[in-house]
Amino acid sequence: MLIAADAATVVMFVALRLRWFHARIMIQEFALYEDVMIPLAWFAAGFAVSLLIVYLLWKPVSKVVHRSHVRVLHYIGWGLALAGFVAVCGIENFLLRPFPMSARIEAKSATPPQGPNIIFIVMDTVRADHLSSYGYSRPTTPNLDRLAREGVLFENALAPSSWTRATHASMFTGMLPHQNGANWAAPLPAGPWTMADVLRSRGYETAGFAANFDYCQKGWGLARGFDNYVDDSNLLRHNLANTLLGTALIQPVYQRFWCFDYLERENARQVDQNVFRWLQHRSDRPYFLFINYFDCHVPYVIRRPYGARFGKVSRKLVHKLFRALQSKDPARGFTASERASLIAAYDDRLSFLDQQVGRLLDFLRDSPAGRNTIVFVTSDHGEAFGEQGWYSHGYNLYRELLHVPLIVAGPGIPRDVRVQHLARTRDLFSTVLDLADEAKGPFSRESLARFWNPNFKPLPFDDFVISELVPIFNEGGKVGMISLTTPEWQYIYNSDGRQELYRWTSDPLDQTDLAGSADAQATMASLRKQLIQLVANSSQPWRGPDYLFEHSSKGNAFMREVLAARRPGLSFLGGKHLFIGKSQFRLGPEESSLPAKPAPSGRDSLKSLPYH
């Protein structure tokens, strides 16, 4: 019976690999080493070990079973065999499940839209100043550079926060984190419309592919409005990695003997394969496609067969970085050579990501539908490499974490234009809706397209960016921050009452804090007043008051000032009815059944996460 089971397993494995090979051929993407040789090696090793175990235990176990007259052992044996058969069938069904193609739902709009396709790409953890099109010394991103020449590049785009869920929620809703409420332990709550919500209501087919295996999972509210949303929550390796066995044994063995990386991480090539399959099976309606790539997140390890172009990072150094990030103190103590090694490894990941994004762009250029497609490429936040002693992200609001790439290209977009004006990535909500609407509806004034309009005249509302951060679970003595960036200054207010001031035009990495200078006091007071007034007149309800330090022992003074400055009705800036959250105000209320906060057990499990 065991021989038959082993034979069946071999047949099933070969069939699965042939089916996978056929699927890769169908999408014209196949890597012999990664798609066949690696799985075959793992299978051969596991199969050999299982045969060895069977060989060593067969005789003693069979003797005990045959000598025993206890029939329950026979029942147990048959039960185990049946359980194994059911498990194999379940795994086979899981692996052979059809890819979730586009749901053929009936659009809410009366007539199909005639607007362009929209592709919204978020390169997780990519800082702008490491793209060669932004002046970086290394040729990291030739494909993105080409896209920039075909469209508009924003030189000073800033994110609304420095970690993933908060920034995605802001880009998807056009609201600041204190308005949309997405927090470390809270999903995007009921109420705000998302890009996908609005576009699906207009008849667009919507699909999302997220590689960030935590903060972009559908349970956190970002999947609202998508006909299909593909993350790794249904993948076997993700669920296996999050079991007790996976955490205690499988993940450490994988990192020790194979690759020091997350077992469940999908690279950009794997994400693209799913995207290509969806593009080949979608409907004839215009589509909105969201893609989140996770390749530049720690650890910065390039898996075989992709070599390192700019340098290698040692396993010892990666361990050191992880230990530093899991401590309560900033990740200090790295030597200059270690820092250079981490940066080189990060650049390698970015270069690999650029190659895969280039494949997607080439696919679009060669397809008829691609010629009617507008592509947005940006990032949720940057990455720190010791500029203030910190590494990674999510700990502060300094410029290396807020300054992100932003490129827009496609029909109707001017070519080879560089915009120097400050740009808010949360305005991508209005921009996508504006460009998807050929009639140029009510979102045009808040759209980033205003900056490439030759007749554009800036108003005071165009000259600021607000970014917000609440410390993860309010633990470890870390403080929250809120930042106001203007065409010359970056002002930061900390929840412990401390203020910071940087002239980012001459100090792009916030190295010199001018808050203690007597000459800067008037400037700082003016920026503080402006920040309080802008927040006070942002649209309500405020679903995330933690971002305004509501529960901070010292920072609640900021919240009191904000409430005191709030005016009745809407604010008028520059003679226009403009205020933070106006795009949502235009759309009206939106209902959702998503719970506002996870259960207490969920909060406890989230606290164990070793990264942001």
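Reading the values: the criteria
Residues numbered from 1 in each chain as written. Predicted model: local features only at pLDDT ≥ 70, side-chain atom pairs only at ≥ 80, totals over all residues. Heavy atoms only, no water. Helix = DSSP H or I, 4+ residues; strand = E, 2+ residues; numbered from the N terminus. Buried < 20%, exposed > 50% of the residue type's maximum accessible area, 1.4 Å probe, protein only. Contact = heavy atoms within 4.5 Å. Areas by Shrake-Rupley, 256 points an atom, 1.4 Å probe, with all protein chains shown as cover. Axes fitted to C-alpha atoms, helices over the stretch in contact; angles between N-to-C directions. Parallel < 35°, antiparallel > 145°, perpendicular 65-115°, else oblique. Left-handed = near helix turned anticlockwise from the far one by under 90°. Phe/Tyr/Trp six-rings, centres within 6.5 Å; stacked < 30°, edge-to-face > 60°. Core = buried A, V, L, I, M, F, W, Y, C linked by side-chain atoms within 4.5 Å. Expected span 1.5 Å × (residues − 1). Pairing = 2+ DSSP bridges. Salt bridge = Lys/Arg side-chain N within 4 Å of Asp/Glu carboxyl O. Nonpolar A, V, L, I, M, F, W, Y, C, P; charged D, E, K, R; others polar. pLDDT = per-residue confidence, 0-100.

A. Focus on the overall build of the protein chain. Check the secondary structure of the protein chain and you find 18 helices and 15 strands. Looking at the protein chain as a whole, 54% of its 612 residues are labelled buried. When contacts within the protein chain are restricted to residue pairs at least 6 apart in sequence, long-range pairs at least 24 apart make up 73% of them. With an accessible surface of roughly 26900 Å², the protein chain has 60% of that area assigned to carbon and sulfur atoms.

B. Inspection of the packing of helix 15 (residues 521-536) against helix 16 (residues 556-565) at higher detail. Contact pair helix 15 / helix 16: the axes reach a minimum separation of 8 Å and the direction vectors enclose 65 degrees. The angle between helix 15 and helix 16 places the two elements in the roughly perpendicular class. As for how helix 15 packs across helix 16, the hand of that crossing is right-handed. Between helix 15 and helix 16, the contacting residues are Arg-528, Leu-531, Ile-532, Gln-533, Val-535 and Ala-536 on the first element and Phe-558, Glu-561, Val-562 and Ala-565 on the second.

C. Spotlight on the environment of Thr-512. In this fold, Thr-512 is placed in the loop between strand 15 (499-502) and helix 15. Thr-512 sits 10 residues away from Tyr-502 along the chain, and the two C-alpha atoms are 6.4 Å apart.

D. Quick peek at the packing of aromatic side chains. In this structure the tally under the stated criterion is 28 aromatic pairs. Aromatic pair Tyr-493 and Phe-558: ring centres 5.1 Å apart, planes at 25 degrees, arrangement stacked. Of this pair, Tyr-493 sits in strand 14 (residues 490-494) while Phe-558 sits in helix 16, and the two are 65 residues apart along the sequence. Taking relative accessible area as the criterion, Tyr-493 reaches 4% and is therefore assigned buried. We classify Phe-558 as buried; its relative accessible area is 0%. One aromatic cluster in this structure is built from Phe-120, Phe-172, Phe-226, Tyr-229, Phe-288, Phe-290 and Phe-376.

E. Examining helix 14 (residues 428-436) more closely. Within helix 14, 9 of the 9 residues are buried, which leaves it mostly tucked inside the rest of the structure. All buried positions along helix 14 are accounted for by Leu-428, Phe-429, Ser-430, Thr-431, Val-432, Leu-433, Asp-434, Leu-435 and Ala-436.

F. Looking closely at the nonpolar core. With 61 residues, the main nonpolar core has Ile-121, Leu-289, Ile-291, Tyr-293 and Leu-342 as its most contacted residues. No other element matches helix 12 (residues 336-366), which puts 11 residues into this core.

G. Molecular detail of helix 15. In this model helix 15 runs 22 Å from its N-terminal to its C-terminal C-alpha over 16 residues, within 8% of the 22 Å that 1.5 Å per residue would give. What helix 15 keeps buried is the set Met-524, Leu-527, Arg-528, Leu-531, Ile-532, Leu-534, Val-535 and Ala-536. Where helix 15 is buried, its residues contact helix 6 (177-180), strand 12 (465-469), strand 13 (481-485), strand 14, strand 15 and helix 16.

H. Quick look at the sheet that holds strand 14. Taking strand neighbours across the sheet as the criterion, the 4 strands line up as 12-13-14-15 in an open arrangement whose pairing is antiparallel. The two strands at the open ends of the sheet, each matched to only one other strand, are strand 12 and strand 15. On average, adjacent strands in this sheet sit at an angle of 15 degrees to one another, irrespective of strand direction. As paired elements, strand 12 and strand 13 share 5 bridges and run antiparallel to each other. Among the inter-strand pairings, Glu-468 is bridged to a residue of strand 13, identified as Ile-482. Here helix 15 sits on the sheet in contact with strand 12, strand 13, strand 14 and strand 15, set at roughly 105 degrees to strand 13.

I. Structural context of unusual backbone geometry. For the bond from Val-298 to Pro-299, the omega torsion is -5 degrees, close enough to zero to count as cis. On the secondary structure map, Pro-299 appears in the loop between strand 5 (287-293) and helix 11 (315-326). Even without being glycine, Thr-125 reaches a positive phi, approximately 65 degrees. Looking at the secondary structure, you find Thr-125 in the loop between strand 1 (117-123) and helix 4 (142-149). Residue Thr-125 is classed as buried on the basis of its relative accessible area of 0%. Of note, Asp-416 is a non-glycine position whose phi angle comes to about 55 degrees, a positive value. Looking at the element boundaries, Asp-416 is found in the loop between strand 10 (406-409) and strand 11 (417-424). We classify Asp-416 as exposed; its relative accessible area is 55%.

J. Here's a closer look at the pattern of salt bridges. Going through the model one piece at a time under the given rule, you end up with 23 salt bridges. Close ionic contact of Arg-359 with Asp-272 constitutes a salt bridge, the shortest N to O distance being 3.4 Å. With Arg-359 in helix 12 and Asp-272 in helix 10 (residues 268-281), the pair connects residues that are 87 residues apart, well separated along the chain. For Asp-272, a relative accessible area of 0% corresponds to the buried category. Across the salt bridge formed by Arg-450 and Asp-462, the nearest N and O atoms sit 2.8 Å from each other. On the criterion of sequence distance, the pair formed by Arg-450 in the loop between helix 14 and strand 12 and Asp-462 in the loop between helix 14 and strand 12 is long-range, its members being 12 residues apart. Judged by relative accessible area, which is 6%, Arg-450 ranks as buried. In this structure, a network of salt bridges that share partners links the residues Arg-424, Arg-426, Asp-427, Arg-445, Arg-450 and Asp-462.

K. Seen up close, the packing of helix 4 against helix 12. The N-to-C vectors of helix 4 and helix 12 enclose an angle of 45 degrees; their axes lie 7 Å apart at closest approach. By the angle class used here, helix 4 and helix 12 are oblique. Between helix 4, through Pro-142, Asn-143, Leu-144, Arg-146 and Leu-147, and helix 12, the contact on the second element is made entirely by Asp-354, Gln-355, Val-357, Gly-358, Leu-361, Asp-362 and Arg-365. Its residues assigned to classes, the contact of helix 4 with helix 12 shows 5 nonpolar, 3 polar and 4 charged.

L. Broad picture of the confidence of the model for the protein chain. Per-chain confidence: the protein chain averages 79 in pLDDT, with 68% of residues scoring 70 or above. Note that residues 1-8 has pLDDT below 50 and, in this model, 6 contacts with residues that lie over four places away or in other chains.

M. Here's a closer look at the pairing of strand 15. Two strands pair when backbone bridges link them, and strand 14 and strand 15 are joined in this way by 4 bridges, in the antiparallel orientation. Across the sheet, the residue bridging to Gln-490 is Tyr-502, located in strand 15. Linking strand 14 to strand 15, which pair antiparallel, is a turn of 4 residues; within it Gly-497 sits at a positive phi near 95 degrees.

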